[in-house]
Amino acid sequence: MPNKLLKTLPILLLFWLAAAVSAQTSGRVPGSRIPHPAGTGSGVPAAKHTADAENLPQYTAPAAQTEADSDGQPSFENTDTPAASAPNTASEHGDSDAASSAESLPDSDSDYDSAGADTATGAKKKTAVQNAAKQTAQRSKISRRFDGGVTAIADSAATRSFFAAGEDGFITRYLYGTMSPETWQVSTLPVKQMAVHPKKTMLALYETDGFSVHKISLWDWQEKKQIYSRRFTSSVVSLSWSAQGTYLFIGTASIEGITILDIKGNVKKIYPRPPGIVRLAATGPSEKSIVTYGETGRLVYADIAKRSILAQYDTEDRLENPELIRNYTLINGYKNGNVITVKAASGEVVESYPARSALFAGKITDSLPVWIEKGEAGQTWHLCQGTKKSPAFTLPYPAAITAARHVDAAIVIGTDDGRLYRLTQAADAAIGLRELNPGNASTLCDIDVKDSSVYLFSGTTLYRSSSPSEPPKPVIQNITAERCTVYGNGFLFWSNTKAAPLYYAEEGQSPAAIYRPREPLNSVSVYGDTVAAVQRFSGLVLLDGKTGKQLFTYQAAGLQDAVQVDDTSVLLTKSTGGIIRQPVLLINVKTGETSPLNIEGDLAFSLRANEKMPQNFACFRLKTEDSEQTDLVLIKLNSAQPASSTFTTALSYNDEDLHASLYDDGQAVLTNLGKNHLVYYDKSRRSIKQLPRDYALPRKAVMTDSYIISLNYDGSLSWFSRRNLQPVQHLAPELP
């Protein structure tokens with residue numbers, strides 16, 4: 001007769017939860033580091049080991065009068081330069097700081113009063129901001145599928161909830177019982193690991209590109225505020241809290257093996273010598289000592305206060321995904337076809353359970369290991385607890401299970417197609433599945449502006465709209481691409497993830513291929529009837545937009561963007577690998593001569609032309625020599641003498657942000673630099689304004705004379721008034 005495994009879990013929970021309560025009473029630093037923005041070259045330096053745990057990354061608006069950012073996210077720094085000072089660009093050919101005045105969204109009447117604004121007007125604006133925040137909070141109460149898959153599930157018994165994280169940087173919290181969701185995007189990077197504070201709604205997160213960005217951040221979920229972040233040079237292999245939440249344990253694949261932080265992000269030194277790569281770390285309820293399990297099979301006990309080693313034991317080495325159960329007394333791990341349980345106090349092997357695979361799903365109060373195991377037949381799974389195994393079950397949609405956790409009195413699993421399921425058991429012991437996040441995945445992938453209309457691209461269909469009240473209307477269909485660019489009376493459609501044709505179509509027409517690259521395109525821009533396309537590996541190609549004929553090629557690695565300046569010149573941004581060490585250069589398409597601009601940095605990207613002011617451009621510049629910093633740079637080009645071109649640093653963000661985008665309409669620059677809010681930089685006033693964000697981060701934004709439109713990472717749209725920069729409407733990612 002099949003074992004009714006799930007029905008035994010509540011009984012085990014009650015027993016061990018009582019034991020845990022009795023015991024308690026007695027007694028984890030930017031985009032891809034590099035996540036290449038459309039093909040970063042190999043010359044970009046690797047990440048350094050930097051610590052910014054006590055302060056968040058900061059914007060720097062040179063010579064700015066600033067207010068604190070009310071939500072605790074990166075803010076603008078004050079400088080000593082008077083706000084009335086003019087940027088010094090006339091006599092220099094290097095960096096020059098722009099005089100700016102920063103305007104953050106206020107959170108009190110005094111913010112307005114101190115600026116001399118009318119109190120009534122300030123109160124009205126404050127009310128509008130508060131209402132927008134309430135609406136955002138209400139919109140966040142949704143469940144959605146995780147683009148790219150579920151990466152982690154963490155239980156929070158203290159708050160009677162659990163959290164799920166995904167490859168897309170989103171996190172959703174579900175309440176026990178009702179399964180009421182709340183969603184917030186914390187990063188543009190995948191969140192690979194998550195540890196919930198044992199007493200509070202605080203989340204420690206491991207964000208990484210899987211290559212060279214390794215970041216631990218601590219978030220206050222209630223306030224939706226990042227408390228601190230810390231960068232690491234090595235990958236994080238384990239993440240956990242001490243029993244009372246005093247310390248955060250970060251196991252790394254480094255010589256040190258483990259970093260211990262307090263609740264403020266300060267480093268706590270405990271070990272007289274490194275304990276090795278730490279796969280598991282924990283304390284007892286008193287937090288007097290810490291035990292670590294290393295991949296070499298060594299258990300190390302250390303006295304936290306005395307900073308000394310108490311004892312060491314050898315046990316099974318290279319246990320995969322070790323976890324603690326039975327109130328910190330047993331350690332489970334998977335090795336060579338077996339789930340192995342050892343005593344945490346001595347390393348003695350207690351039990352070994354045969355298993356085809358093991359994705360552990362236990363919690364600290366479980367008495368026996370709980371795991372998900374692959375079945376013998378394809379696409380089948382079993383829920384296992386010790387020697388008990390459920391009948392095989394299948395998922396409604398073919399997928400691999402990537403995360404699992406014992407939550408309340410049930411098991412919740414996540415899959416690589418982004419779905420979450422709660423496991424239930426019928427009278428005959430068969431496993432049933434309830435999907436928790438049936439919402440649609442993202443639909444929109446790009447946005448552009450032509451005249452006064454906004455064009456929304458879903459990857460297969462282009463839609464047109466002119467206001468938030470006008471439903472998007474499909475105007476071009478049957479497209480296969482990810483990006484769109486305005487060209488003449490129509491649009492270019494292209495791919496930055498795969499080798500795909502470059503298409504052209506006007507409204508009401510079918511797309512026609514004009515060029516067939518053999519690799520993805522990093523960028524596409526237009527000058528008259530000439531199309532500049534930067535290919536991922538082979539460099540620049542200029543095309544006749546009408547015929548697709550190649551007019552000019554320039555082969556170089558690490559090119560990011562190309563914008564044609566005039567009939568003879570093209571401005572390029574690149575990484576600094578290769579012979580030319582400057583990240584911005586001008587190339588003569590008649591002679592092939594290249595002229596670097598006198599701008600320093602490791603990488604320049606997102607180059608845009610100012611259509612209202614010839615010879616004026618904007619781009620981002622990344623510097624990593626001393627510390628990571630991403631600058632918004634305004635360039636005044638001297639095409640006759642490129643080395644005499646001048647540039648101004650308009651905004652700086654003291655972290656790497658290779659996902660940053662910008663839109664320059666001549667009057668202002670709109671950017672998501674800073675991985676949080678949209679930032680509106682008024683060129684004439686040299687002032688800065690942060691726009692309120694929604695539960696999803698802004699991915700790309702454009703402007704018309706009347707509106708600012710943000711395409712967010714979940715495919716939703718946020719419309720703002722261009723006049724007062726306040727939210728007008730938020731539209732869910734649903735298209736006709």
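Computed from a predicted model, the values in this text were never measured in an experiment.

As a further point, take the sheet that holds strand β44 (residues 569-574). The strand order β43-β44-β45-β46 describes an open sheet built from four strands, whose pairing is antiparallel. Because the sheet does not close on itself, it has two edges, and the strands there are β43 (559-564) and β46 (594-596). Ignoring which end each strand starts from, the neighbouring axes of this sheet average 25° apart. Sheet analysis places β43 next to β44, joined by five bridges and oriented antiparallel.

To continue, consider the pairing of strand β56 (residues 707-712). Taken residue by residue, a regular strand's side chains alternate between the two faces of the sheet. Along β56, five of the six residues are buried, which leaves the element largely enclosed by surrounding structure. Pairing between strand β55 (residues 698-703) and β56: five bridges, direction antiparallel. When the sheet's bridge partners are listed, Met703 is paired in β56 with Ile708. Where β55 hands over to β56, the hairpin turn is made up of three residues, counted between the paired strands. Pairing of β56 with strand β57 (residues 717-721), which is carried by five bridges, proceeds in the antiparallel orientation. When the bridges of β57 are listed, Ile709 appears paired with Trp719. The antiparallel hairpin formed by β56 and β57 contains four residues in its connecting segment, where Gly715 sits at a positive phi of about 90°.

All right, on to the sheet that holds strand β10 (residues 214-220) then. Taken together, the four strands give an open sheet; going across it, the order is β8-β9-β10-β11, and neighbouring strands pair in antiparallel fashion. Of all the strands in the sheet, just β8 (191-196) and β11 (225-232) have a single pairing partner and so form its edges. Strand-to-strand twist of the sheet, defined as the mean angle between neighbouring strand axes without regard to direction, takes the value 20°.

As a further point, take the pattern of salt bridges. Two side chains of opposite charge can pair, provided their charged atoms sit close to one another. What the rule picks out here adds up to 23 salt bridges. In this structure, Asp168 and Arg144 form a salt bridge, with 2.8 Å as the shortest nitrogen-oxygen distance. Within this pair, whereas Asp168 is found in the loop between β5 (161-166) and β6 (170-175), its partner Arg144 is found in the loop between α3 (119-139) and β4 (150-156), the two being separated by 24 residues in sequence. In this structure Arg144 comes out as buried when scored by relative accessible area, which is 5%.

Quick notes on the rules
Residues numbered from 1 in each chain as written. Predicted model: local features only at pLDDT ≥ 70, side-chain atom pairs only at ≥ 80, totals over all residues. Heavy atoms only, no water. Pairing = 2+ DSSP bridges. Helix = DSSP H or I, 4+ residues; strand = E, 2+ residues; numbered from the N terminus. Axes fitted to C-alpha atoms, helices over the stretch in contact; angles between N-to-C directions. Buried < 20%, exposed > 50% of the residue type's maximum accessible area, 1.4 Å probe, protein only. Salt bridge = Lys/Arg side-chain N within 4 Å of Asp/Glu carboxyl O.

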